[in-house]
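Reading the structure
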Amino acid sequence: MIPDGAPYGVTTGPDGALWFTLVHQGRVGRLVPGRDPVVHQLSPADGGPTVIVAGADGAVWFTEFKGGRIGRITVPAPDATAFEVTAFEVEVFEVAAPYGLAAGPDGAMWFTGLNTDKVGRITPDGTITEYQVPAPGGMPSIIAAGSDGAMWFTLNQANAVGRVTPHGEVTLHPLPTQAAAPVGITAGPDGALWFVEIGAGQIGRIDTAGEITEYPLPDRSCRPHAIVAGPDDALWFTEWGADRLGRITPDGTVEEFGLPTVPGSSAAEPHGLTTGPDGAVWVALEAGALARIEVPRRTP
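As a starting point, this report considers the structure included with it.

What counts as what
- Residues numbered from 1 in each chain as written.
- Predicted model: local features only at pLDDT ≥ 70, side-chain atom pairs only at ≥ 80, totals over all residues.
- Heavy atoms only, no water.
- Helix = DSSP H or I, 4+ residues; strand = E, 2+ residues; numbered from the N terminus.
- Rg over C-alpha atoms; globule rule 2.2 N^0.38 Å.
- Buried < 20%, exposed > 50% of the residue type's maximum accessible area, 1.4 Å probe, protein only.
- Contact = heavy atoms within 4.5 Å.
- Areas by Shrake-Rupley, 256 points an atom, 1.4 Å probe, with all protein chains shown as cover.
- Lys, Arg positive; Asp, Glu negative; His and termini not counted.
- Charge placed at Lys NZ, Arg CZ, Asp CG, Glu CD.
- Pairing = 2+ DSSP bridges.
- Axes fitted to C-alpha atoms, helices over the stretch in contact; angles between N-to-C directions.
- Salt bridge = Lys/Arg side-chain N within 4 Å of Asp/Glu carboxyl O.

When helices and strands are tallied, the protein shows 0 helices and 27 strands. The C-alpha radius of gyration computed for the protein amounts to 18 Å, which stays within 12% of the reference 19 Å derived for 300 residues, consistent with globular compactness. With the C-alpha coordinates aligned to their principal axes, the bounding extent of the protein is approximately 50 × 45 × 35 Å. A total of 300 residues make up the protein; the buried ones form 55% of that total. Here the analysis covers contacts within the protein between residues at least 6 apart in sequence; of these, 40% occur between residues at least 24 apart. In the form shown here, the protein has an accessible surface area of approximately 11900 Å², with 50% of it arising from carbon and sulfur atoms. For the protein, the separation between the mean place of its 17 positive charges and that of its 34 negative charges on side chains is 4 Å.

So, in structure tokens, the structure goes:
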């Protein structure tokens, strides 16, 4: 349980601890498995911290969706710095809504502007460069580093996966399924990018040449949300609409696991997940907990 908090994103930091965001409380927490969590209050607290990842600079970085900021917190002693995403502001929206975030191969952090049709690059000193995505209203969502040296991202409302090079050249790959609404994306153990289609109840795979394969899930209404590479050469994903955790192998074999409901809540609300420092899969349950799932040992 996380006292008085709603975990949304979770990652393993460079210090071997779990770091997580509390989206409704404006806080970032740190948890060493087997110990009590330590929570750091952000100021201001109205930013809605969401996605959190380990940076290439030894710090932990996170997006503040509501506050229009990108945060950086030092490890292990938490000292937070916030960078305003002013370059992404547009007249229609009050803030840029930075959401997806990932470490790039160039030593910078790359992020998406959900409201702005742009992806951005931010250096450790806060310098921001922006690149236009040619899909008006496409809602760039989650972003990940690919095996080809480029960054790959989902476009939730444009029904596509995008690729941006370190020099800002953007290419879009439309999905075969209409209204698939992709969200999470991650690099897989096979050199391809794997993503989830929250609108279609499918898992997708795109290789670096742009070839797409889709795998329908047993429950097409399960609302898959986030996906990560696991410690077992498989991909693990959350099923937000069904309170389940899923696993898919590179050949498309799917397994599903139930998640516990949080005391005092009727649901688990799984969002982000990560491979923990202990080799387990950890899931952020917005209902108020971090769930630990032991990864079964596989017989060769």
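Here 4 strands make up an open sheet; going across it, the order is β13-β14-β15-β16 and the pairing antiparallel. Each end of this open sheet is capped by a strand with a single partner; those strands are β13 (140–145) and β16 (170–174). Across the sheet, the mean angle from the axis of one strand to that of its neighbour is 25°, orientation sign disregarded.

Here the focus is the sheet that holds strand β6 (residues 60–64). The strand order across the open sheet formed by 4 strands is β5-β6-β7-β8, and the pairing between neighbours is antiparallel. Edge positions in the open sheet fall to β5 (49–54) and β8 (80–84), since each of these has one partner strand only. Taking the axes of each pair of neighbouring strands and ignoring which way they run, one obtains an average angle of 20° across the sheet. As defined by bridge partners, β6 adjoins strand β7 (residues 69–73) across 5 bridges and the pair is classed as antiparallel. Residue pairing in the sheet places E64 in a bridge with R69 of β7.

Within this structure, the stated rule accounts for 15 salt bridges. The closest approach of N and O atoms between R121 and D106, which form a salt bridge, is 2.7 Å. Placement of R121 in strand β11 (residues 118–122) and of D106 in the loop between β9 (98–103) and β10 (109–113) is noted, with a sequence separation of 15 residues between them. For D106, a relative accessible area of 31% corresponds to the partly exposed category. Across the pair R244 and E239 runs a salt bridge whose closest N-O atoms are separated by 2.7 Å. Given a relative accessible area of 0%, E239 falls into the buried group. Ionic contacts of the salt-bridge type, sharing partners, join the residues D219, E239, R244 and E256 into one network.

Geometry only, nothing functional implied.
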